[in-house]
Amino acid sequence: MSQLSILEYPDPRLRTIATPVVDFNEALEILVNNMRETMYQANGIGLAATQVDIHQRLLVMDVSAEQDDFMLFINPEIIARDGLQTHEEGCLSVPGIFANVKRAEQLKVRAQSLAGETFEKDLDGLAAVCLQHEMDHLQGKLFVDYLSPLKRAMVNKKLEKQRRQEVT
Ligand code: NI
């Protein structure tokens with residue numbers, strides 16, 4: 001297993017729209033293992049392939065406190081949604097930035113497993129937030145896109161400042 005490097009906003013590659021996974025082969029298994037490793041090493045609760053510059057429709061998640069509830073969604077589709085919740089989100093691609101985003105409270109998702117089998121899963125609360133956030137990545141969308149222009153300008157300023165401090 002190896003750790004993959006995570007693209008950071010405003011890298012234009014984060015805007016790529018992913019294409020469906022068609023080959024359920026060994027290369028896919030290696031990618032999934034590497035994404036799992038990368039997510040846990042970064043202390044993230046979710047990671048979309050887009051973030052590691054692989055533009056295929058898959059994402060990994062684990063929203064448990066113990067990091068013992070790994071989930072993989074290949075070619076995910078939301079087939080039902082209900083309710084609304086507001087949650088403070090962060091993103092491994094937008095380090096140090098947290099902001100409230102409003103999303104569906106409950107979801108039913110259909111996806112494929114590593115073996116290519118189709119399954120359906122109900123998600124709510126943080127798991128539902130995380131899935132919607134990661135699915136946005138597959139469409140080239142970031143959580144900061146939901147913010148008002150004023151708030152987004154503040155985010156950009158903060159990121160610039162963070163980067164200047166990293167350099168010096
Ligand atoms: Ni993210």
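Structure report, in brief. (Residues numbered from 1 in each chain as written. Predicted model: local features only at pLDDT ≥ 70, side-chain atom pairs only at ≥ 80, totals over all residues. Heavy atoms only, no water.)

1. Notes on the environment of Gly140
Consideration 1: Structurally, the position occupied by Gly140 is in the loop between helix H2 (125–138) and helix H3 (149–167).
Consideration 2: Judged by relative accessible area, Gly140 falls into the buried class, the value being 9%.
Consideration 3: With sequence-adjacent residues up to four places away left out, Gly140 is seen in contact with Leu14, Arg15 and Thr16. (Helix = DSSP H or I, 4+ residues; strand = E, 2+ residues; numbered from the N terminus. Buried < 20%, exposed > 50% of the residue type's maximum accessible area, 1.4 Å probe, protein only. Contact = heavy atoms within 4.5 Å.)

2. Remarks on the pairing of strand E2 (residues 58–61)
Consecutive residues of a regular strand have side chains that alternate between opposite faces of the sheet.
Consideration 1: Burial along E2 is two-sided: Leu58 and Val60 and Leu59 and Met61, pointing in opposite directions, are all buried.
Consideration 2: Summarising the sheet, strand E1 (residues 46–48) and E2 pair through three bridges and their orientation is antiparallel. What sits directly across from Leu47, in E2, is Val60.
Consideration 3: Relative to strand E3 (residues 71–82), E2 runs antiparallel, the two sharing four bridges. Bridge assignment links Leu59 to a residue of E3, and that residue is Phe73. (Pairing = 2+ DSSP bridges.)

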